[in-house]
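Close look at the chain arrangement
Here's the letter readout for the chains.
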Amino acid sequence: MWNRIALFIIKNRLRLIILLAILTAFMAYHAKNVEMSYDFANVVSQDDPDMVYFQRFKQTFGEDGNVLVIGMQDDRIYQLQNFRELKVLSDELLTVEGVKAVISLPNLITIKKDTADRKFVADRIFEAFPQTQPQLDAQLQRVKEQHFYDGQIINDKTGATLLAVTVDPKFLNSSRRVEVMDNITEKAEAFSKNTSIKLHYAGLPFVRAVMTTKVAGEMKLFLVLALVVTAVSLFLFFRSFYAVLFPILVISTVVIWTLGSISLLGYKISLLTGLIPSIIVVIGIPNSTYMLARYHFDYRKHGNKILALARVISKIGVVTLINNTTTAIGFIVFMFTHIAILYEFGVVAGINIFVTFLISIILIPAVFSYLPPPTERQLRHLDAKPLHKLLEFFDYVVHRKRHLVYFFMTIVLALSCWGIYKVKTVSYMVDDLPAESSVNADLAFFEQHFNGVMPLEVIIDTGVKQGVMRLPNLKKITQLEDFLRTQPILSAPISVAGLVKTATQAFYEGDPNSFRLPDNTERNFIFSYLAKQSGEENQRLIRSFVDSTGQSARISLKVADVGSRQLDTLILSKVKPEILKIWGGEDVQVSEEGNTTTFSREDSDNKQSVSLTGTTLLFIKGNEYLISNLKTSLLLAFALVSVTIALLFKSVRVVLISLIPNLVPLVIAGGLMGLFNIPLKPSTALIFSIALGIAVDDSVHFLAKYRHELINNGFQVSRAITTTINEAGTSMIYTSMILFFGFVIFAFSEFGGTKALGLLMSLTLLIAMLTNLIILPTLLMSFDSGKYVHEPDALIDDYEEYYEEAGSEEDEEKDIDELRKELEQENPDNGKV
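Residues numbered from 1 in each chain as written. Predicted model: local features only at pLDDT ≥ 70, side-chain atom pairs only at ≥ 80, totals over all residues. Heavy atoms only, no water.

**Remarks on the sheet that holds strand β8 (residues 552-559)**
- Taken together, the five strands give an open sheet; going across it, the order is β8-β7-β11-β10-β9, and neighbouring strands pair in antiparallel fashion. Only two strands of the sheet have a single neighbouring strand rather than two, namely β8 and β9 (588-593). Between one strand axis and the next, the sheet turns through 15° on average, direction left out of account.
- Summarising the sheet, strand β10 (residues 596-601) and strand β11 (residues 607-613) pair through five bridges and their orientation is antiparallel. Residue pairing across strands places T596 opposite S611, the latter belonging to β11. (Pairing = 2+ DSSP bridges. Helix = DSSP H or I, 4+ residues; strand = E, 2+ residues; numbered from the N terminus. Axes fitted to C-alpha atoms, helices over the stretch in contact; angles between N-to-C directions.)

**Some words on a nonpolar patch on the surface**
- A surface patch of nonpolar side chains, about 850 Å² in accessible area, is lined by L404, F407, F408, I411, L415, W418, L675 and F676.
- Looking at the nonpolar patch, the element that brings in the most residues is helix α14 (residues 402-421), giving six residues.
- Within the secondary structure layout, F676 lies in the loop between α22 (652-675) and α23 (682-712). (Patch = residues over 30% accessible without salt bridge, like charges linked within 9 Å, V, L, I, M, F, W, Y side chains within 5 Å. Areas by Shrake-Rupley, 256 points an atom, 1.4 Å probe, with all protein chains shown as cover. Salt bridge = Lys/Arg side-chain N within 4 Å of Asp/Glu carboxyl O.)

**Re the nonpolar core**
- Counting 259 residues, the largest nonpolar core has I184 and F743 as its most contacted members.
- With 16 residues, helix α12 (residues 340-370) is the largest single contributor of residues to this core.
- Excluding its chain neighbours within four sequence positions, the residues that come into contact with I184 are L68, I70, L93, V96, V99 and V165.
- M51, F54, I459 and L618 belong to the second largest nonpolar core, which has eight residues in total. (Core = buried A, V, L, I, M, F, W, Y, C linked by side-chain atoms within 4.5 Å. Buried < 20%, exposed > 50% of the residue type's maximum accessible area, 1.4 Å probe, protein only. Contact = heavy atoms within 4.5 Å.)

**As for empty space enclosed by the protein**
- Applying the stated rule across the entire model yields six cavities of 30 Å³ or more.
- Counted as a void, the largest cavity has a volume near 240 Å³.
- Surrounding the largest cavity, 20 residues form its lining, P286, T327, I694, D697 and L739 being those nearest its centre.
- Mapped onto the lining of the largest cavity, the elements with two or more residues apiece are α10 (276-302), α11 (305-332), α12, α23, α24 (717-744) and α25 (752-783).
- Residue contributions to the lining of the largest cavity peak at five residues, all from α10.
- Grouping the amino acids of the lining of the largest cavity by side-chain chemistry returns nine nonpolar, nine polar and two charged.
- For the second largest cavity, the calculated volume is near 80 Å³.
- Lining the second largest cavity we find H147, F148, D150, E481, R485, A492, P493, I494, S495, G498, K501 and F515. (1 Å grid on protein atoms, 1.4 Å probe; cavity = no way out; pocket = protein on both sides within 12 Å on 5 of 7 lines; lining within 4 Å. Points joined across faces, edges and corners; volume = space filled by probe spheres on them. Nonpolar A, V, L, I, M, F, W, Y, C, P; charged D, E, K, R; others polar.)

**Thoughts on the side chain of D442**
- Tracing the sequence through the fold places D442 in helix α15 (residues 438-450).
- Of the side chains with opposite charge, K198 lies nearest to the buried D442, which makes no salt bridge, at 5.9 Å.
- Side chain to side chain, D442 and H200 meet in a polar contact 2.9 Å long.
- Residues in contact with D442, not counting those within four places in the same chain, are H200 and Y201. (Lys, Arg positive; Asp, Glu negative; His and termini not counted. Polar contact = N/O pair within 3.5 Å; in protein donor to acceptor, adjacent residues only side chain to side chain.)

**Re the sheet that holds strand β2 (residues 99-103)**
- Taken in spatial order, the four strands make up an open sheet running β2-β5-β1-β6, and their pairing is antiparallel. Among the strands making up the open sheet, the edge pair consists of β2 and β6 (200-202). Ignoring which end each strand starts from, the neighbouring axes of this sheet average 20° apart.
- Two elements, β2 and strand β5 (residues 161-167), share four bridges in a ladder whose sense is antiparallel. Paired with I103 across the bridge in β5 is A164.
- Against the sheet, helix α7 (residues 177-195) touches β1 (67-72), β2, β5 and β6, its axis set at about 15° to β1.
- Packing against the sheet, helix α8 (residues 204-238) makes contact with β1 and β6, and its axis sits at approximately 100° to β1.

**Structural notes on the pairing of β11**
- Most of β11 sits inside the fold, with six of its seven residues counted as buried.
- Pairing geometry for strand β7 (residues 454-461) and β11, over five bridges, is antiparallel. Its bridge partner being in β11, I459 is matched across the sheet by S611.

**Some points on the pattern of salt bridges**
- Applying the stated criterion across every chain, the model contains 15 salt bridges.
- Residue D482 pairs with R485 through a salt bridge whose shortest N-O separation is 3.5 Å. Of this pair, D482 and R485 both sit in helix α16 (residues 471-485), three residues apart, which is roughly one turn of that helix.
- Through salt bridges with shared partners, a single network forms among R294, D298 and R311.

Remember that the coordinates give geometry; whether it matters functionally is a separate question.
Following this line, the structure appears as structure tokens:
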């Protein structure tokens with residue numbers, strides 16, 4: 001079959017090149033429409049109870065992660081001129097398209113009692129802007145007396161203050177996010193320049209905008225670096241301009257197809273899919289390397305260019321297809337995780353790995369059939385004397401020092417298992433940004449002065465309409481808030497209970513000591529004032545904390561980005577027990593579903609519930625869910641790779657022998673993560689499935705060559721091993737080095753996860769090369785008897801390279817000779833083909 005495919009490609013080479021050019025132009029047209037993703041990926045299943053509840057929360061209260069905060073700690077901000085500049089900044093930020101609201105010191109509001117109409121009315125503290133420093137100091141003192149804002153806008157102990165800028169969600173999830181953030185920071189930096197006050201930025205809108213910009217920049221950077229690294233590697237190997245130019249042309253074509261497929265499938269470029277073009281470059285180049293090496297080998301053997309190119313397709317086409325299949329498996333398994341970001345990553349990478357094979361198998365033979373044959377200088381790499389010395393050493397170790405191989409393998413595996421035991425699973429909201437980045441420095445500022453900026457929500461469902469304003473429920477909310485204030489990683493909570501306390505304070509003419517819930521006597525007076533609240537601003541403030549039915553209340557607070565482990569400890573060991581203590585009791589039945597705790601009494605139909613939700617909790621849970629699915633993907637990858645090898649060789653022994661040298665590098669990688677304190681997180685968990693799919697290529701090459709040499713050497717295992725190491729080892733080393741240097745470029749990423757992926761992946765593939773050249777033949781020497789049983793269903797036996805039938809060479813040369821005559825007739829001016 002592959003002979004016929006080879007003849008078809010060579011004979012129709014021009015038509016195929018034109019067809020590929022047309023299709024590539026079509027993909028390029030769609031590639032220009034590819035968009036960036038401007039949101040954190042939802043990796044938690046839409047059916048998950050916590051995700052269902054979070055979506056319901058957003059429908060009721062709106063987005064919780066759409067606030068950008070700008071902070072400062074400088075006593076000069078409380079000087080009249082600088083405070084006036086802060087007022088100007090607050091007003092200017094409101095003019096930015098996409099900004100819904102700005103809360104800052106100069107525009108703070110409180111409420112005061114309107115005795116005439118017996119209601120509370122909004123009162124801007126700085127309605128009459130101060131004209132002198134004493135006036136400003138007096139009004140700032142009034143701010144300090146408004147305990148509702150304690151720990152929210154100003155830290156009385158450190159003097160730090162902030163502006164909270166609410167961004168319209170429509171802008172957050174579009175390409176205009178970066179524009180909005182740029183406009184905000186432009187005005188803020190103008191303020192900083194005028195006042196010489198340093199500003200700090202944080203909040204999910206800002207973090208997402210920074211990450212989106214960096215993802216776009218790094219995608220271009222790594223694509224260029226990958227092309228440069230592979231081009232240099234190809235030139236060092238082949239010493240030929242054509243052998244560099246056209247493989248790079250092939251892989252550039254595939255990159256266009258990759259971007260085009262992302263657009264056609266309706267996906268967007270995220271932190272993961274942004275890596276695919278560079279990864280395709282790295283893992284696609286070995287196709288060209290194998291094909292050109294085989295072309296040069298056959299050409300030097302008989303000097304027939306067309307025959308050599310045809311054999312590139314007929315002899316190693318199927319092996320290359322198998323290798324691409326096992327590589328694709330490492331990505332395709334992500335399609336079974338039911339997680340959108342991983343599914344897209346698996347689909348795009350899986351499809352384009354096969355596209356890489358298709359374009360390579362067509363363009364490399366087709367293009368080189370038009371070029372002059374390789375010169376003697378360009379064929380020198382086939383001798384590769386330094387590599388031969390190394391391969392002879394490997395052969396010596398395999399034949400003479402097998403006991404040392406097993407000894408060191410046991411020691412290394414034992415150390416690696418110890419390292420794996422130390423691996424920690426932890427993730428952070430800004431996990432991928434470097435510790436020294438300005439984002440992390442600013443985040444530390446807010447965690448120091450305001451205990452964090454990451455959103456966390458507590459929802460209390462009282463079970464009855466207007467139940468929130470019942471005094472017993474308000475007391476429970478206050479009791480929970482008092483507990484939350486004691487937690488060092490949580491900001492001061494804000495809720496309807498704070499509004500009621502503020503109303504009590506206003507009822508007593510702003511007396512700071514009256515910031516409390518009303519007692520039973522005061523309740524009717526104060527609530528009668530609250531019932532007459534009117535005005536859009538007042539209603540919007542109340543609806544920020546209570547749903548339209550008055551049944552559910554919201555406690556909104558912020559949390560430091562302390563990582564999933566510490567946050568889990570806080571929720572499970574402290575917050576939830578406190579909730580049980582406050583709402584529970586001897587006659588109260590308790591049930592839990594996700595982060596929702598429901599309380600009910602046998603003598604009442606009324607059920608109350610307390611739920612924890614918010615972007616932070618969903619993000620942390622999503623990462624844990626992601627890691628769990630990636631572990632399943634790794635097992636699935638092992639299963640699929642095993643099935644592929646079983647179909648090839650029809651031997652359980654071969655499957656086991658081939659998996660061991662590919663399992664060892666993964667165990668070592670896991671051990672290194674533990675020893676160097678690299679946490680298991682989504683970006684590092686990706687490594688194992690991908691590395692397995694790529695690394696097993698070497699095993700397939702080695703075993704296929706070994707099977708062939710076993711037949712040629714009279715089923716003598718030792719001689720077959722020696723020949724296989726010497727002949728297959730060179731291409732295995734070259735392709736592994738290309739992969740190593742290709743993946744190591746990701747170590748230059750600003751994202752910690754991408755950097756870890758690059759280092760661990762390149763190291764894992766390098767170790768896999770050594771295990772496949774040392775441990776694999778060592779296992780064959782120990783456990784393969786050399787008895788060859790022809791399995792008619794074993795796919796590997798259908799390929800002439802490994803099981804040659806009599807007359808096949810003569811038939812092939814006859815077909816090629818006829819093809820050559822046809823080509824000479826089509827191109828009489830080009831001389832002999």
